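If you want the building blocks of each chain, they are given just below.
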Amino acid sequence: MVDVADKLSYFQAITGIEDLDLCTEILQAHGWDLELAVSLFAPVNPPDGSNATPSARPDVEPPSSSGSDQVEEPSSTILAVAGRPSLTWRLVTLPVSVISGGLGLISGAVGLGMRITSGVLSHSLGAIGMDSSSDRPDDTSARLIPVSAAATEAVDFVAAFDREHGSIPTRPNFVSEGFMDALQRSRDAYKLLFLYLHSPDHPDTPVFCERTLCNEEVAAFVNDNFVPWGGSIRASEGFKMSNSLKASRFPFCAVIMAAANQRIALLQQVEGPKTPVEMLMFLQAVFEESAPVLDSTRRDAEERINNMRLREEQNAAYRAALEVDQAKERRRKEEQEQLAREAAEAERKLKEEEEACLRAEQEAADKAAAIAKLREEKALSLGAEPDKGPDVTRVLVRFPAGQRKERRFHCDAAVQSLYDYADSLGYLEIGDYTLVSNFPRVIYGSDKLSLTLKEAGLHPQASLFVELNSSD
């Protein structure tokens, strides 16, 4: 039996394709059936000068840029599929500089391979400034364009397109982000990327935009089935893309998707003005060719996710069963340990409760003694009760429980002495009340403690009530 290496060698010799990875993809797509793969591919000689630099386009002038933006024209190999001329592939290799600075399409590429039986054109993206083989490894000027700058150009293009054609109610919903980000978006959505290169000075551009690109059916089909991205060839990224794709006529539209092995795939392109019907036929043909593969890729991804979820559930079930067995053994040991802990805990709590009771009794006794001492000190601070006289004030204090106490004070005694007198009687918690008079109502709070009885308007006699302070 012919092994894989021999099949690759035979296929390369017959087709003339030098790219080993590409040959591998083609053979894999045909189940390594060498005869089937060779029978479907018929070499087509490119027209004279196909590998040369495209002819000059008067409507395309490179935007002002530094020397790092110089573009090299890539060489290409063209293959067409016998009996299927409607769809042609161009596999574009992405250099490491773009992958590391852009989206990392290697790990998550759609990887459609060669499952769509169509022609293949492989060429480098050095033409759009994506080549990473610079003599200066640290020089990043050869990258396509910084993400922020690419996004700015995309936003400017969308704004300019809206200004020029904003009166038309329908148009493709071009994403306001750079080409690499738009490609990533299409990959995540399992859709193709619809690329439009806008030549503002080309005479066919206004009519194409208004009658074809903004046609209701065309715009709806693009928005529903593709991720639309547009760029002006007057901007850096749009100009580089036009050179990379060798756009010779405008308007220029193409359908692109992410591919494996650091590549993007150009499925088909349309150059020059087209009617809405022609554009729809073009888009529908590409969509119908690629839809089964996109659906298969989506299903494969869903299957991988489901398989991963199933494995996780199986692993979880195994771990749960194992944990049940381990839990039984742990419970047996824990029950024994628990009994010992409970006995020790009960003994500890009993001891703590006894100690807490002793502390509480001691604290209560100390508090009662301190309060009794404080009341005694307050009573002593009042001194002897003075006899009646013109400088003597008679004060009656009414307590909440109905007690009534009366005493005489010197008129120059402070209001604080009334609180000391009430505290010394022991009817209330010290400091947990306020003395007030009702007619007129006056509150003798902390702001009046330093006033004399005469200054406070309590001379020659006063009747005060005790109001308990709120617990709030």
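Residues numbered from 1 in each chain as written. Predicted model: local features only at pLDDT ≥ 70, side-chain atom pairs only at ≥ 80, totals over all residues. Heavy atoms only, no water.

An unreviewed UniProt entry lists the protein under the name UBX domain-containing protein, from Trapa natans.

**Remarks on the overall build of the protein**
The helix and strand tally for the protein stands at twelve helices and 13 strands. The burial tally for the protein puts 39% of its 472 residues in the buried class. Once local pairs closer than 6 in sequence are excluded, the contacts in the protein between residues at least 24 apart make up 72%. For the protein, the computed accessible surface area is about 25,900 Å², with 52% contributed by carbon and sulfur atoms. (Helix = DSSP H or I, 4+ residues; strand = E, 2+ residues; numbered from the N terminus. Buried < 20%, exposed > 50% of the residue type's maximum accessible area, 1.4 Å probe, protein only. Contact = heavy atoms within 4.5 Å. Areas by Shrake-Rupley, 256 points an atom, 1.4 Å probe, with all protein chains shown as cover.)

**A word on the environment of Arg211**
Inspection of the secondary structure assignment puts Arg211 in helix α8 (residues 205-213). Here the alpha-carbon distance between Arg211 and Pro276, two residues 65 residues apart in the chain, equals 7.1 Å.

**What to know about helix α1 (residues 4-15)**
With twelve residues, α1 ought to run about 16 Å at 1.5 Å a step, and its terminal C-alpha atoms sit 16 Å apart, in line with that. Among the residues of α1, Leu8, Phe11 and Thr15 are the ones counted as buried. Taken around the axis of α1, the buried residues stretch over an arc of 70°, which confines them to a single face. In α1, those exposed residues whose orientation departs by more than 90 degrees from the buried face are Ala13 and Ile14. (Expected span 1.5 Å × (residues − 1). Arc of directions from axis to C-beta.)

**Section: the pairing of strand β10 (residues 404-410)**
Across seven bridges, strand β9 (residues 392-398) lies against β10 in antiparallel orientation. Each residue of the ladder has a partner; that of Arg398, found in β10, is Arg404. As consecutive antiparallel partners, β9 and β10 are separated by five residues, and within that stretch Gly402 has a phi angle of approximately 105°, a positive value. (Pairing = 2+ DSSP bridges.)

**Observations regarding the sheet that holds strand β11 (residues 433-438)**
What the five strands build is an open sheet, ordered β10-β9-β13-β11-β12; its pairing is mixed. The two strands at the open ends of the sheet, each matched to only one other strand, are β10 and β12 (441-444). Here the average twist between neighbouring strands, direction ignored, is 30°. Pairing analysis gives four bridges linking β11 to β12, with the strands arranged antiparallel. Counterpart to Leu435 in the pairing with β12 is Tyr444. Contacts between helix α12 (residues 416-425) and the sheet are confined to β9, β10, β11, β12 and β13 (461-468), with β10 contributing the most and set at about 140° to the helix. (Axes fitted to C-alpha atoms, helices over the stretch in contact; angles between N-to-C directions.)

**Quick look at the confidence of the model for the protein**
This prediction gives the protein a mean pLDDT of 77; 75% of its residues lie at or above 70. pLDDT under 50 marks residues 42-59. Its contacts with residues more than four places away, or in other chains, come to 23 contacts. Taken together, the stretch residues 64-88 has pLDDT below 50 and engages in 63 contacts with residues farther than four places along the chain or on a different chain. (pLDDT = per-residue confidence, 0-100.)

**Details of the pairing of β9**
Of all seven residues in β9, five are buried; the element is thus mostly enclosed. The pairing of β9 with β13 spans five bridges and is parallel. Across the sheet, Arg394 pairs through a bridge with Gln461, a residue of β13.

**Things to note about the pattern of salt bridges**
The full count for this structure, using the stated rule, is 15 salt bridges. Asp162 is the salt-bridge partner of Arg171, the closest N and O atoms lying 2.7 Å from each other. Arg171 sits in the buried class, given a relative accessible area of 19%. Look at the salt bridges and you will find they share partners, linking Glu345, Arg348 and Glu352 into a network. (Salt bridge = Lys/Arg side-chain N within 4 Å of Asp/Glu carboxyl O.)

**A short note on the environment of Thr434**
Among the structural elements, Thr434 can be located in strand β11. Through-space distance from the C-alpha of Thr434 to that of Gly445 is 6.3 Å; in sequence the pair is eleven residues apart. Filtering out sequence-adjacent residues up to four positions away, Thr434 remains in contact with Tyr419, Ile443, Tyr444, Phe465, Val466, Glu467 and Asn469. A distance of 2.9 Å separates a polar atom in the side chain of Thr434 from a polar atom in the side chain of Asn469. (Polar contact = N/O pair within 3.5 Å; in protein donor to acceptor, adjacent residues only side chain to side chain.)

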